[in-house]
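# Fold and geometry: a report
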Number of protein chains: 2
Amino acid sequence: MGPRWKGKGSEAKALADPMSKIVLQLQSSLTQSDAQGLLSGCSVLYQADEEQTDLFNRACFGRPIVTADKDKQWFQLGVEEAFYLSCHLKCLKIVDGQDCEKNAEQLWEYMKSQKATFPEFYKAYQHLRMKNWVVRPGSQYGVDFVAYRHHPALVHSEFAVLVLSEGGGDSNENGRLRVWSDFLCTIRLCGSVAKTLLVLSVNNNGSSSVSPSFLDSYSIEERTVTRWSPEQCRENPAKV
Amino acid sequence: MGPRWKGKGSEAKALADPMSKIVLQLQSSLTQSDAQGLLSGCSVLYQADEEQTDLFNRACFGRPIVTADKDKQWFQLGVEEAFYLSCHLKCLKIVDGQDCEKNAEQLWEYMKSQKATFPEFYKAYQHLRMKNWVVRPGSQYGVDFVAYRHHPALVHSEFAVLVLSEGGGDSNENGRLRVWSDFLCTIRLCGSVAKTLLVLSVNNNGSSSVSPSFLDSYSIEERTVTRWSPEQCRENPAKV
(Lines give C-alpha, C1' and ligand atoms only; values in the text may rest on other atoms or scores of the structure.)
Protein backbone atom coordinates (compact mmCIF):
# COMPACT_ATOMS: atom_id res chain seq x y z
CA MET A 1 0.00 0.00 0.00
CA GLY A 2 1.55 3.30 -1.10
CA PRO A 3 0.85 6.80 0.24
CA ARG A 4 -2.69 8.11 -0.16
CA TRP A 5 -2.30 11.78 -1.04
CA LYS A 6 -5.13 14.14 -0.22
CA GLY A 7 -6.25 15.58 -3.55
CA LYS A 8 -4.34 16.72 -6.63
CA GLY A 9 -1.06 18.54 -6.26
CA SER A 10 -0.41 17.33 -2.71
CA GLU A 11 2.38 15.02 -3.75
CA ALA A 12 4.12 17.80 -5.72
CA LYS A 13 3.72 20.18 -2.77
CA ALA A 14 5.30 17.64 -0.44
CA LEU A 15 8.18 16.98 -2.82
CA ALA A 16 8.90 20.68 -3.18
CA ASP A 17 9.00 21.19 0.57
CA PRO A 18 10.79 18.25 2.24
CA MET A 19 9.98 17.55 5.89
CA SER A 20 13.71 17.38 6.70
CA LYS A 21 14.06 21.04 5.66
CA ILE A 22 11.07 22.18 7.71
CA VAL A 23 12.41 20.45 10.81
CA LEU A 24 15.83 22.06 10.24
CA GLN A 25 14.15 25.47 10.06
CA LEU A 26 12.30 24.79 13.30
CA GLN A 27 15.51 23.63 14.94
CA SER A 28 17.35 26.73 13.84
CA SER A 29 14.56 29.11 14.91
CA LEU A 30 14.27 27.52 18.36
CA THR A 31 18.04 27.55 18.83
CA GLN A 32 18.28 31.23 17.90
CA SER A 33 15.55 32.25 20.33
CA ASP A 34 17.07 30.13 23.12
CA ALA A 35 13.69 28.41 23.41
CA GLN A 36 12.49 27.15 26.75
CA GLY A 37 9.62 24.74 27.42
CA LEU A 38 7.80 24.18 30.69
CA LEU A 39 7.41 20.67 32.11
CA SER A 40 3.78 20.11 33.05
CA GLY A 41 2.59 16.63 34.00
CA CYS A 42 2.78 14.36 30.97
CA SER A 43 3.63 17.13 28.55
CA VAL A 44 5.82 20.16 27.90
CA LEU A 45 4.26 23.55 27.20
CA TYR A 46 5.91 26.01 24.84
CA GLN A 47 4.90 29.54 23.94
CA ALA A 48 5.75 30.17 20.27
CA ASP A 49 6.03 33.42 18.35
CA GLU A 50 4.43 33.79 14.92
CA GLU A 51 7.28 32.29 12.92
CA GLN A 52 7.67 29.35 15.27
CA THR A 53 3.93 28.74 15.34
CA ASP A 54 4.06 28.31 11.59
CA LEU A 55 7.06 25.98 11.86
CA PHE A 56 5.56 23.91 14.69
CA ASN A 57 2.41 23.46 12.61
CA ARG A 58 4.29 22.61 9.42
CA ALA A 59 6.66 20.19 11.16
CA CYS A 60 3.78 18.68 13.14
CA PHE A 61 5.21 18.94 16.60
CA GLY A 62 2.81 19.28 19.50
CA ARG A 63 -0.78 20.37 19.63
CA PRO A 64 -1.75 24.07 19.57
CA ILE A 65 -3.76 25.00 22.66
CA VAL A 66 -6.20 27.86 22.99
CA THR A 67 -5.46 30.54 25.57
CA ALA A 68 -6.65 34.07 26.25
CA ASP A 69 -3.32 35.38 24.93
CA LYS A 70 -3.95 36.39 21.30
CA ASP A 71 -0.37 37.29 20.37
CA LYS A 72 1.38 34.13 21.42
CA GLN A 73 0.44 30.57 20.59
CA TRP A 74 0.98 27.83 23.16
CA PHE A 75 1.91 24.32 22.08
CA GLN A 76 1.56 21.16 24.13
CA LEU A 77 4.32 18.66 23.34
CA GLY A 78 4.13 14.96 24.16
CA VAL A 79 7.01 13.41 26.12
CA GLU A 80 8.60 11.86 23.03
CA GLU A 81 8.32 15.09 21.05
CA ALA A 82 9.76 17.20 23.85
CA PHE A 83 12.64 14.81 24.44
CA TYR A 84 13.39 14.71 20.71
CA LEU A 85 13.50 18.50 20.44
CA SER A 86 15.45 18.85 23.66
CA CYS A 87 17.97 16.03 23.56
CA HIS A 88 18.19 14.96 19.93
CA LEU A 89 17.80 18.22 18.01
CA LYS A 90 19.14 20.10 21.04
CA CYS A 91 17.04 23.16 20.31
CA LEU A 92 14.73 23.28 23.34
CA LYS A 93 15.59 23.77 26.97
CA ILE A 94 13.09 22.33 29.41
CA VAL A 95 12.48 23.79 32.87
CA ASP A 96 10.27 22.65 35.72
CA GLY A 97 7.75 24.72 37.70
CA GLN A 98 10.58 26.24 39.75
CA ASP A 99 12.21 27.52 36.54
CA CYS A 100 15.03 25.04 37.06
CA GLU A 101 16.50 23.60 33.86
CA LYS A 102 16.50 19.82 33.53
CA ASN A 103 19.43 18.05 31.92
CA ALA A 104 18.99 15.00 29.68
CA GLU A 105 19.39 12.51 32.55
CA GLN A 106 16.84 14.31 34.70
CA LEU A 107 14.35 14.58 31.84
CA TRP A 108 14.79 10.90 31.02
CA GLU A 109 14.17 9.96 34.63
CA TYR A 110 11.11 12.20 34.85
CA MET A 111 9.57 10.90 31.62
CA LYS A 112 10.14 7.30 32.63
CA SER A 113 8.33 8.04 35.88
CA GLN A 114 5.37 9.41 33.91
CA LYS A 115 5.32 6.55 31.39
CA ALA A 116 6.97 3.21 32.11
CA THR A 117 7.35 2.42 28.40
CA PHE A 118 9.04 5.74 27.64
CA PRO A 119 12.52 4.34 26.72
CA GLU A 120 11.15 2.04 24.00
CA PHE A 121 8.52 4.51 22.83
CA TYR A 122 11.08 7.28 22.56
CA LYS A 123 13.52 5.06 20.65
CA ALA A 124 10.74 4.23 18.19
CA TYR A 125 9.69 7.87 17.86
CA GLN A 126 13.26 9.01 17.25
CA HIS A 127 13.85 6.18 14.77
CA LEU A 128 10.91 7.28 12.62
CA ARG A 129 11.50 11.04 12.97
CA MET A 130 15.13 10.62 11.94
CA LYS A 131 13.84 9.06 8.72
CA ASN A 132 11.68 12.16 8.24
CA TRP A 133 8.37 10.51 9.00
CA VAL A 134 5.82 12.70 10.74
CA VAL A 135 4.91 10.80 13.91
CA ARG A 136 1.66 11.46 15.74
CA PRO A 137 -0.25 9.74 18.57
CA GLY A 138 -2.11 6.64 17.41
CA SER A 139 -4.75 6.25 20.12
CA GLN A 140 -7.54 6.94 17.65
CA TYR A 141 -6.67 3.67 15.95
CA GLY A 142 -5.69 1.73 19.06
CA VAL A 143 -1.98 1.82 18.25
CA ASP A 144 0.98 3.69 19.71
CA PHE A 145 1.77 6.05 16.82
CA VAL A 146 0.74 6.76 13.29
CA ALA A 147 3.34 7.74 10.70
CA TYR A 148 2.80 10.16 7.80
CA ARG A 149 5.03 10.58 4.76
CA HIS A 150 4.52 14.33 5.01
CA HIS A 151 2.10 16.75 6.67
CA PRO A 152 -1.31 15.23 7.55
CA ALA A 153 -2.96 17.99 5.50
CA LEU A 154 -1.35 16.52 2.37
CA VAL A 155 -1.41 12.79 2.96
CA HIS A 156 -3.18 10.13 5.02
CA SER A 157 -1.09 8.30 7.59
CA GLU A 158 0.51 5.26 6.00
CA PHE A 159 1.55 3.23 9.03
CA ALA A 160 -0.14 2.30 12.26
CA VAL A 161 2.78 1.73 14.61
CA LEU A 162 2.97 -0.63 17.59
CA VAL A 163 6.05 -0.53 19.81
CA LEU A 164 7.07 -3.79 21.45
CA SER A 165 9.95 -4.14 23.85
CA GLU A 166 12.16 -7.19 23.57
CA GLY A 167 14.68 -8.51 26.06
CA GLY A 168 15.24 -7.36 29.64
CA GLY A 169 12.70 -7.90 32.41
CA ASP A 170 9.17 -8.54 31.17
CA SER A 171 9.66 -9.52 27.57
CA ASN A 172 6.89 -7.25 26.30
CA GLU A 173 5.78 -4.55 28.71
CA ASN A 174 3.53 -2.99 26.15
CA GLY A 175 1.36 -6.09 26.33
CA ARG A 176 0.21 -6.04 22.71
CA LEU A 177 0.11 -8.88 20.20
CA ARG A 178 0.51 -11.57 22.85
CA VAL A 179 -2.44 -13.54 21.56
CA TRP A 180 -3.87 -14.22 18.11
CA SER A 181 -7.15 -12.43 18.78
CA ASP A 182 -5.25 -9.17 19.41
CA PHE A 183 -3.26 -9.69 16.23
CA LEU A 184 -6.41 -10.31 14.20
CA CYS A 185 -8.14 -7.33 15.79
CA THR A 186 -5.25 -5.00 15.00
CA ILE A 187 -4.80 -6.23 11.43
CA ARG A 188 -8.50 -6.00 10.73
CA LEU A 189 -8.68 -2.45 12.07
CA CYS A 190 -5.58 -1.37 10.12
CA GLY A 191 -7.11 -2.82 6.98
CA SER A 192 -10.37 -0.98 7.46
CA VAL A 193 -8.58 2.37 7.85
CA ALA A 194 -6.17 1.67 4.95
CA LYS A 195 -2.99 1.64 6.99
CA THR A 196 -0.17 -0.88 7.17
CA LEU A 197 0.66 -2.25 10.60
CA LEU A 198 4.28 -1.47 11.44
CA VAL A 199 5.60 -3.34 14.47
CA LEU A 200 8.75 -1.82 15.90
CA SER A 201 10.52 -4.21 18.25
CA VAL A 202 12.93 -2.34 20.46
CA ASN A 203 15.64 -4.39 22.12
CA ASN A 204 17.78 -2.78 24.80
CA ASN A 205 20.40 -5.51 24.26
CA GLY A 206 20.90 -5.87 27.98
CA SER A 207 21.66 -2.17 28.41
CA SER A 208 20.22 -0.38 31.34
CA SER A 209 17.48 2.18 30.86
CA VAL A 210 18.79 4.43 33.65
CA SER A 211 20.25 7.00 31.27
CA PRO A 212 19.58 8.25 27.73
CA SER A 213 23.25 7.63 26.96
CA PHE A 214 22.34 3.98 26.41
CA LEU A 215 19.86 4.82 23.63
CA ASP A 216 22.43 4.23 20.90
CA SER A 217 22.92 0.65 22.02
CA TYR A 218 19.20 -0.10 21.65
CA SER A 219 18.45 -1.91 18.43
CA ILE A 220 15.20 -1.70 16.55
CA GLU A 221 13.55 -4.10 14.13
CA GLU A 222 10.86 -3.04 11.70
CA ARG A 223 8.20 -5.50 10.63
CA THR A 224 5.18 -4.67 8.54
CA VAL A 225 2.30 -7.07 8.91
CA THR A 226 -0.27 -7.54 6.16
CA ARG A 227 -2.86 -10.16 5.33
CA TRP A 228 -1.85 -12.76 2.81
CA SER A 229 -4.56 -14.03 0.57
CA PRO A 230 -3.76 -17.43 -0.97
CA GLU A 231 -6.29 -16.82 -3.78
CA GLN A 232 -4.43 -13.74 -4.91
CA CYS A 233 -1.11 -15.56 -4.95
CA ARG A 234 -2.14 -18.79 -6.61
CA GLU A 235 -2.53 -17.93 -10.28
CA ASN A 236 -0.22 -15.07 -11.03
CA PRO A 237 2.57 -14.38 -8.56
CA ALA A 238 3.65 -11.31 -10.56
CA LYS A 239 0.35 -9.58 -9.78
CA VAL A 240 0.65 -9.72 -5.99
CA MET B 1 -27.53 -0.80 19.82
CA GLY B 2 -30.39 -3.19 19.11
CA PRO B 3 -30.42 -6.18 16.75
CA ARG B 4 -29.88 -5.46 13.06
CA TRP B 5 -32.27 -7.78 11.24
CA LYS B 6 -31.43 -8.80 7.69
CA GLY B 7 -34.32 -7.54 5.58
CA LYS B 8 -38.06 -7.44 6.16
CA GLY B 9 -39.80 -10.30 7.88
CA SER B 10 -36.64 -11.64 9.52
CA GLU B 11 -37.68 -10.54 12.98
CA ALA B 12 -41.09 -12.17 12.63
CA LYS B 13 -39.50 -15.38 11.33
CA ALA B 14 -37.15 -15.47 14.31
CA LEU B 15 -39.98 -14.87 16.77
CA ALA B 16 -42.07 -17.64 15.25
CA ASP B 17 -39.21 -20.13 15.48
CA PRO B 18 -37.36 -19.63 18.79
CA MET B 19 -33.76 -20.83 18.96
CA SER B 20 -34.49 -22.69 22.22
CA LYS B 21 -36.98 -24.90 20.34
CA ILE B 22 -34.57 -25.64 17.48
CA VAL B 23 -31.85 -26.66 19.93
CA LEU B 24 -34.33 -28.91 21.77
CA GLN B 25 -35.19 -30.60 18.48
CA LEU B 26 -31.51 -31.13 17.72
CA GLN B 27 -30.97 -32.53 21.20
CA SER B 28 -33.87 -34.91 20.85
CA SER B 29 -32.84 -36.07 17.38
CA LEU B 30 -29.25 -36.73 18.43
CA THR B 31 -30.37 -38.57 21.57
CA GLN B 32 -32.72 -40.82 19.60
CA SER B 33 -30.05 -41.76 17.09
CA ASP B 34 -27.49 -42.40 19.85
CA ALA B 35 -25.22 -39.93 18.07
CA GLN B 36 -21.48 -40.40 18.17
CA GLY B 37 -18.81 -37.84 17.24
CA LEU B 38 -15.17 -38.51 16.45
CA LEU B 39 -12.42 -36.60 18.25
CA SER B 40 -9.97 -35.23 15.69
CA GLY B 41 -7.31 -32.74 16.77
CA CYS B 42 -8.95 -29.49 17.82
CA SER B 43 -12.41 -30.52 16.69
CA VAL B 44 -15.04 -33.23 16.73
CA LEU B 45 -16.40 -34.66 13.47
CA TYR B 46 -19.98 -35.82 13.17
CA GLN B 47 -21.77 -37.47 10.27
CA ALA B 48 -25.37 -36.25 10.18
CA ASP B 49 -28.38 -37.64 8.35
CA GLU B 50 -30.73 -35.37 6.43
CA GLU B 51 -32.91 -34.33 9.37
CA GLN B 52 -29.93 -33.65 11.61
CA THR B 53 -28.13 -31.71 8.86
CA ASP B 54 -31.09 -29.36 8.78
CA LEU B 55 -31.12 -29.07 12.58
CA PHE B 56 -27.35 -28.50 12.84
CA ASN B 57 -27.63 -25.75 10.24
CA ARG B 58 -30.66 -24.12 11.87
CA ALA B 59 -29.17 -24.31 15.39
CA CYS B 60 -25.79 -23.15 14.10
CA PHE B 61 -23.60 -25.83 15.57
CA GLY B 62 -20.42 -26.71 13.73
CA ARG B 63 -19.33 -26.13 10.21
CA PRO B 64 -20.48 -28.36 7.33
CA ILE B 65 -17.54 -29.93 5.52
CA VAL B 66 -17.46 -31.20 1.98
CA THR B 67 -16.72 -34.88 1.42
CA ALA B 68 -17.13 -37.34 -1.47
CA ASP B 69 -20.09 -38.91 0.38
CA LYS B 70 -23.22 -37.36 -1.13
CA ASP B 71 -25.75 -38.97 1.21
CA LYS B 72 -24.30 -37.97 4.54
CA GLN B 73 -23.17 -34.53 5.63
CA TRP B 74 -20.15 -34.20 7.91
CA PHE B 75 -19.97 -31.42 10.50
CA GLN B 76 -16.86 -30.13 12.22
CA LEU B 77 -17.60 -29.01 15.78
CA GLY B 78 -15.33 -26.70 17.78
CA VAL B 79 -14.24 -27.85 21.24
CA GLU B 80 -16.78 -25.65 23.04
CA GLU B 81 -19.62 -26.78 20.77
CA ALA B 82 -18.71 -30.44 21.12
CA PHE B 83 -18.42 -30.23 24.90
CA TYR B 84 -21.75 -28.40 25.11
CA LEU B 85 -23.56 -31.04 23.07
CA SER B 86 -21.81 -33.87 24.86
CA CYS B 87 -21.74 -32.80 28.50
CA HIS B 88 -24.40 -30.09 28.84
CA LEU B 89 -27.15 -31.25 26.46
CA LYS B 90 -25.95 -34.86 26.89
CA CYS B 91 -26.96 -35.80 23.37
CA LEU B 92 -23.59 -36.61 21.75
CA LYS B 93 -21.15 -39.35 22.63
CA ILE B 94 -17.57 -38.65 21.68
CA VAL B 95 -15.08 -41.36 20.77
CA ASP B 96 -11.40 -41.21 19.93
CA GLY B 97 -9.61 -42.77 16.95
CA GLN B 98 -9.66 -46.16 18.70
CA ASP B 99 -13.47 -45.98 18.94
CA CYS B 100 -13.12 -45.63 22.69
CA GLU B 101 -15.76 -43.42 24.31
CA LYS B 102 -14.51 -40.49 26.38
CA ASN B 103 -16.26 -39.49 29.57
CA ALA B 104 -16.70 -35.86 30.65
CA GLU B 105 -13.48 -35.82 32.69
CA GLN B 106 -11.42 -37.25 29.84
CA LEU B 107 -12.92 -34.84 27.32
CA TRP B 108 -12.27 -31.91 29.63
CA GLU B 109 -8.65 -32.97 30.07
CA TYR B 110 -8.18 -33.47 26.34
CA MET B 111 -9.70 -30.12 25.40
CA LYS B 112 -7.63 -28.30 28.01
CA SER B 113 -4.54 -29.90 26.48
CA GLN B 114 -5.56 -28.58 23.06
CA LYS B 115 -6.44 -25.09 24.31
CA ALA B 116 -5.17 -23.74 27.62
CA THR B 117 -8.04 -21.26 27.91
CA PHE B 118 -10.67 -23.96 27.37
CA PRO B 119 -12.23 -23.86 30.90
CA GLU B 120 -13.00 -20.11 30.72
CA PHE B 121 -13.94 -20.17 27.03
CA TYR B 122 -16.29 -23.09 27.57
CA LYS B 123 -17.93 -21.41 30.58
CA ALA B 124 -18.51 -18.30 28.46
CA TYR B 125 -19.83 -20.34 25.53
CA GLN B 126 -22.23 -22.29 27.76
CA HIS B 127 -23.35 -19.11 29.52
CA LEU B 128 -24.42 -17.52 26.23
CA ARG B 129 -25.89 -20.66 24.66
CA MET B 130 -28.00 -21.28 27.76
CA LYS B 131 -29.51 -17.84 27.18
CA ASN B 132 -30.31 -18.93 23.63
CA TRP B 133 -27.69 -16.81 21.90
CA VAL B 134 -26.14 -18.30 18.80
CA VAL B 135 -22.41 -18.32 19.50
CA ARG B 136 -19.87 -18.49 16.67
CA PRO B 137 -16.09 -18.03 16.41
CA GLY B 138 -15.04 -14.37 16.47
CA SER B 139 -11.61 -14.52 14.84
CA GLN B 140 -12.82 -12.50 11.86
CA TYR B 141 -13.24 -9.56 14.20
CA GLY B 142 -10.27 -10.27 16.45
CA VAL B 143 -12.44 -11.40 19.35
CA ASP B 144 -13.17 -14.77 20.92
CA PHE B 145 -16.81 -15.20 19.92
CA VAL B 146 -19.61 -13.34 18.24
CA ALA B 147 -23.17 -13.68 19.52
CA TYR B 148 -26.33 -13.59 17.38
CA ARG B 149 -29.88 -13.14 18.62
CA HIS B 150 -31.00 -15.78 16.14
CA HIS B 151 -29.67 -17.46 13.00
CA PRO B 152 -26.99 -15.45 11.15
CA ALA B 153 -29.15 -15.63 8.02
CA LEU B 154 -31.76 -13.49 9.79
CA VAL B 155 -29.73 -11.09 11.90
CA HIS B 156 -26.25 -9.60 12.15
CA SER B 157 -24.22 -10.55 15.21
CA GLU B 158 -24.91 -8.12 18.03
CA PHE B 159 -22.00 -8.74 20.36
CA ALA B 160 -18.28 -9.17 19.87
CA VAL B 161 -17.28 -11.25 22.88
CA LEU B 162 -13.95 -11.29 24.70
CA VAL B 163 -13.39 -13.84 27.45
CA LEU B 164 -11.11 -12.80 30.29
CA SER B 165 -10.13 -15.05 33.15
CA GLU B 166 -10.01 -13.58 36.62
CA GLY B 167 -8.45 -15.05 39.72
CA GLY B 168 -6.18 -18.08 40.02
CA GLY B 169 -2.70 -18.18 38.52
CA ASP B 170 -2.06 -15.60 35.83
CA SER B 171 -4.80 -13.06 36.34
CA ASN B 172 -5.66 -12.90 32.66
CA GLU B 173 -4.32 -15.74 30.55
CA ASN B 174 -6.18 -14.55 27.51
CA GLY B 175 -3.91 -11.53 27.47
CA ARG B 176 -6.44 -9.07 26.05
CA LEU B 177 -7.31 -5.56 27.26
CA ARG B 178 -4.18 -5.27 29.40
CA VAL B 179 -3.27 -1.91 27.92
CA TRP B 180 -5.26 1.06 26.70
CA SER B 181 -4.15 0.73 23.10
CA ASP B 182 -5.71 -2.74 22.92
CA PHE B 183 -8.90 -1.42 24.46
CA LEU B 184 -9.07 1.43 21.97
CA CYS B 185 -8.29 -0.89 19.08
CA THR B 186 -11.04 -3.33 20.07
CA ILE B 187 -13.65 -0.64 20.69
CA ARG B 188 -12.86 1.10 17.42
CA LEU B 189 -13.14 -2.14 15.47
CA CYS B 190 -16.41 -3.11 17.18
CA GLY B 191 -17.81 0.32 16.35
CA SER B 192 -16.87 0.03 12.71
CA VAL B 193 -18.61 -3.32 12.37
CA ALA B 194 -21.66 -2.20 14.39
CA LYS B 195 -21.24 -4.61 17.28
CA THR B 196 -21.17 -4.03 21.00
CA LEU B 197 -18.13 -5.26 22.86
CA LEU B 198 -19.19 -7.78 25.50
CA VAL B 199 -16.46 -8.64 27.99
CA LEU B 200 -17.14 -11.83 29.90
CA SER B 201 -14.93 -12.13 32.99
CA VAL B 202 -14.85 -15.69 34.18
CA ASN B 203 -13.72 -16.23 37.75
CA ASN B 204 -13.02 -19.76 38.95
CA ASN B 205 -13.40 -18.54 42.56
CA GLY B 206 -10.40 -20.54 43.60
CA SER B 207 -11.83 -23.78 42.22
CA SER B 208 -9.56 -26.11 40.40
CA SER B 209 -9.92 -26.60 36.67
CA VAL B 210 -9.06 -30.32 36.85
CA SER B 211 -12.63 -31.45 36.33
CA PRO B 212 -15.79 -30.12 34.65
CA SER B 213 -17.64 -30.75 37.92
CA PHE B 214 -16.25 -27.42 39.15
CA LEU B 215 -17.89 -25.47 36.29
CA ASP B 216 -20.91 -24.57 38.40
CA SER B 217 -18.74 -22.81 40.94
CA TYR B 218 -17.26 -20.55 38.24
CA SER B 219 -18.88 -17.14 38.24
CA ILE B 220 -19.22 -14.91 35.23
CA GLU B 221 -19.58 -11.16 34.91
CA GLU B 222 -20.95 -9.47 31.83
CA ARG B 223 -19.76 -6.02 30.87
CA THR B 224 -20.62 -4.23 27.67
CA VAL B 225 -18.20 -1.51 26.68
CA THR B 226 -19.25 1.41 24.51
CA ARG B 227 -17.84 4.83 23.72
CA TRP B 228 -19.26 7.69 25.70
CA SER B 229 -19.55 10.99 23.93
CA PRO B 230 -19.71 13.95 26.31
CA GLU B 231 -21.31 16.12 23.59
CA GLN B 232 -24.27 13.79 23.34
CA CYS B 233 -24.82 13.81 27.09
CA ARG B 234 -24.42 17.49 27.87
CA GLU B 235 -27.62 19.17 26.76
CA ASN B 236 -30.39 16.65 26.91
CA PRO B 237 -29.81 13.60 29.10
CA ALA B 238 -33.16 12.13 28.01
CA LYS B 239 -31.91 11.81 24.44
CA VAL B 240 -28.88 9.67 25.18
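Residues numbered from 1 in each chain as written. Chains lettered and ligands numbered in written order. Predicted model: local features only at pLDDT ≥ 70, side-chain atom pairs only at ≥ 80, totals over all residues. Heavy atoms only, no water.

In the annotation of an unreviewed UniProt entry, the entry for chain A reads tRNA-intron lyase, and the organism field reads Momordica charantia. Turning to chain A, the UniProt annotation filed under Catalytic activity (unreviewed entry) states: "pretRNA = a 3'-half-tRNA molecule with a 5'-OH end + a 5'-half-tRNA molecule with a 2',3'-cyclic phosphate end + an intron with a 2',3'-cyclic phosphate and a 5'-hydroxyl terminus." (UniProt positions renumbered as here; feature names shortened; annotations may be inferred.)

## Comments concerning the sheet that holds strand β1 (residues 36-40) of chain A
Residues and elements named next belong to chain A. The five strands are arranged β3-β4-β2-β1-β5 in an open sheet whose pairing can be described as mixed. On the outer flanks of this sheet lie β3 (63-65) and β5 (93-95), each paired with one strand and no other. Sheet twist, expressed as the average angle between the axes of neighbouring strands with direction ignored, equals 35°. Pairing analysis gives three bridges linking β1 to β5, with the strands arranged parallel. Residue Gln36 lies in a different strand from β5, and its bridge partner there is Lys93. (Pairing = 2+ DSSP bridges. Helix = DSSP H or I, 4+ residues; strand = E, 2+ residues; numbered from the N terminus. Axes fitted to C-alpha atoms, helices over the stretch in contact; angles between N-to-C directions.)

## Points about the state of the cysteines
All chains considered together, the criterion is met by zero disulfides over all chains. With no disulfide partner, B:Cys91 has as its closest neighbouring cysteine sulfur the one in B:Cys87, 10 Å distant. Summary of cysteine pairing: B:Cys185 is not part of a disulfide, and the nearest cysteine sulfur, belonging to A:Cys185, is at 3.8 Å. (Disulfide = S-S within 2.5 Å.)

## With respect to the packing of helix α4 (residues 79-88) of chain B against helix α6 (residues 118-130) of chain B
Residue and element names in this part refer to chain B. One way to put it is that α4 packs onto α6 with a least axis distance of 10 Å and a crossing angle of 65°. The angle between α4 and α6 places the two elements in the roughly perpendicular class. The two elements α4 and α6 cross, and the hand of that crossing is right-handed. Together, Val79, Glu80, Glu81, Phe83, Tyr84 and His88 of α4 and Phe118, Phe121, Tyr122, Tyr125, Gln126, Arg129 and Met130 of α6 make up the contact between the two elements. Taken together, the residues of the contact of α4 with α6 sort by class into eight nonpolar, two polar and three charged. (Parallel < 35°, antiparallel > 145°, perpendicular 65-115°, else oblique. Left-handed = near helix turned anticlockwise from the far one by under 90°. Contact = heavy atoms within 4.5 Å. Nonpolar A, V, L, I, M, F, W, Y, C, P; charged D, E, K, R; others polar.)

## Topic: the environment of B:Leu38
Residue and element names in this part refer to chain B. Within the secondary structure, Leu38 sits in strand β1 (residues 36-40). Sequence-wise, Leu38 and Ala82 are 44 residues apart; in three dimensions their C-alpha atoms are separated by 10.0 Å. If near-sequence neighbours (up to four positions away) are discounted, Leu38 is found in contact with Ser43, Val44, Leu45, Val95, Asp96 and Gly97.

## Overview of the sheet that holds strand β7 (residues 145-148) of chain B
Residue and element names in this part refer to chain B. Sheet architecture is open: five strands sit in the order β6-β7-β8-β9-β10, paired in mixed fashion. A strand with exactly one partner marks an edge of an open sheet, and here the two such strands are β6 (134-137) and β10 (219-225). Taken over all neighbouring pairs, the strand axes of this sheet differ in orientation by 30° on average, direction set aside. As paired elements, β7 and strand β8 (residues 159-166) share three bridges and run antiparallel to each other. Across the sheet, residue Ala147 finds its bridge partner in β8, namely Phe159.

## A short note on the nonpolar core
Counting 134 residues, the largest nonpolar core has A:Phe56, A:Phe61, A:Leu85, B:Phe56, B:Phe61 and B:Leu85 as its most contacted members. Other than its neighbours up to four places away in sequence, A:Phe56 contacts A:Leu26, A:Leu30, A:Tyr46, A:Ala48, A:Phe61, A:Phe75, A:Leu77 and A:Leu85. (Core = buried A, V, L, I, M, F, W, Y, C linked by side-chain atoms within 4.5 Å. Buried < 20%, exposed > 50% of the residue type's maximum accessible area, 1.4 Å probe, protein only.)

## Notes on the relation of the copies chain B and chain A
Turning chain B through 180° and shifting it by 0.0 Å along the axis lays it on chain A, with an RMSD of 0.0 Å. Accordingly, the operation relating the two chain copies is best matched by a two-fold axis. Relative to the rotation axis, the closest C-alpha in chain B is found at B:Leu189, a distance of 2.8 Å. (Least-squares fit on C-alpha atoms with pLDDT ≥ 70 in both.)

## Some thoughts on helix α2 (residues 19-32) of chain B
All names here are of chain B. A rise of 1.5 Å per residue sets the reference length of α2, with its 14 residues, at 20 Å; its end C-alpha atoms lie 20 Å apart and thus fit the reference within 8%. Buried residues along α2 sit in contact with β2 (43-48), α3 (50-59), α4, α6 and β6. Downstream of α2 by a residue or two, Asp34 has a phi angle that is positive, lying close to 50°. (Expected span 1.5 Å × (residues − 1).)

## Quick notes on the pattern of salt bridges
Across all of its chains, the model carries 20 salt bridges over all chains by this definition. Residue A:Lys131 pairs with A:Glu222 through a salt bridge whose shortest N-O separation is 2.6 Å. Here the residue A:Lys131 occupies a position in the loop between α6 (118-130) and β6 (134-137), and A:Glu222 occupies one in strand β10 (residues 219-225), the gap between them amounting to 91 residues. When its relative accessible area of 43% is taken as the criterion, A:Lys131 is described as partly exposed. Residue A:Glu222 is classed as partly exposed on the basis of its relative accessible area, which comes to 43%. A salt bridge links B:Asp54 to B:Arg58; its shortest N-O distance comes to 3.2 Å. (Salt bridge = Lys/Arg side-chain N within 4 Å of Asp/Glu carboxyl O.)

## Topic: the interface of chain B and chain A
Counting from both sides, the interface comprises 20 residues of chain B and, opposite them, 20 residues of chain A. Where chain B abuts chain A, roughly 1,600 Å² becomes buried across the two surfaces, and 61% of that area is made up of carbon and sulfur atoms. Area buried by chain B at its contact with chain A is led by B:Ser181, B:Cys185 and B:Arg188, which between them contribute 33% of it. Where chain B meets chain A, there are zero salt bridges. If you look at where chain B meets chain A, you find four residue pairs in polar contact (both at pLDDT 80 or more). Here the side of chain B that touches chain A is built from residues that sort into seven nonpolar, eight polar and five charged. (Buried area = accessible area lost by both parts, 1.4 Å probe. Polar contact = N/O pair within 3.5 Å; in protein donor to acceptor, adjacent residues only side chain to side chain.)

## Observations regarding the pairing of strand β9 (residues 196-203) of chain B
All names here are of chain B. In terms of burial, β9 is largely enclosed, as seven of its eight residues are buried. Sheet topology note: the β8/β9 ladder contains eight bridges and is parallel. Its bridge partner lying in β9, Leu164 is registered against Ser201. Here seven bridges tie β9 to β10, and the two strands are oriented antiparallel to one another. Among the inter-strand pairings, Val202 is bridged to a residue of β10, identified as Ile220.

## Quick notes on the side chain of A:Thr196
The residue A:Thr196 is located in strand β9 (residues 196-203) in this model. When residues no more than four places from it in sequence are discounted, the contact partners of A:Thr196 are A:Met1, A:Glu158, A:Phe159, A:Ala160, A:Thr224, A:Val225 and A:Thr226.

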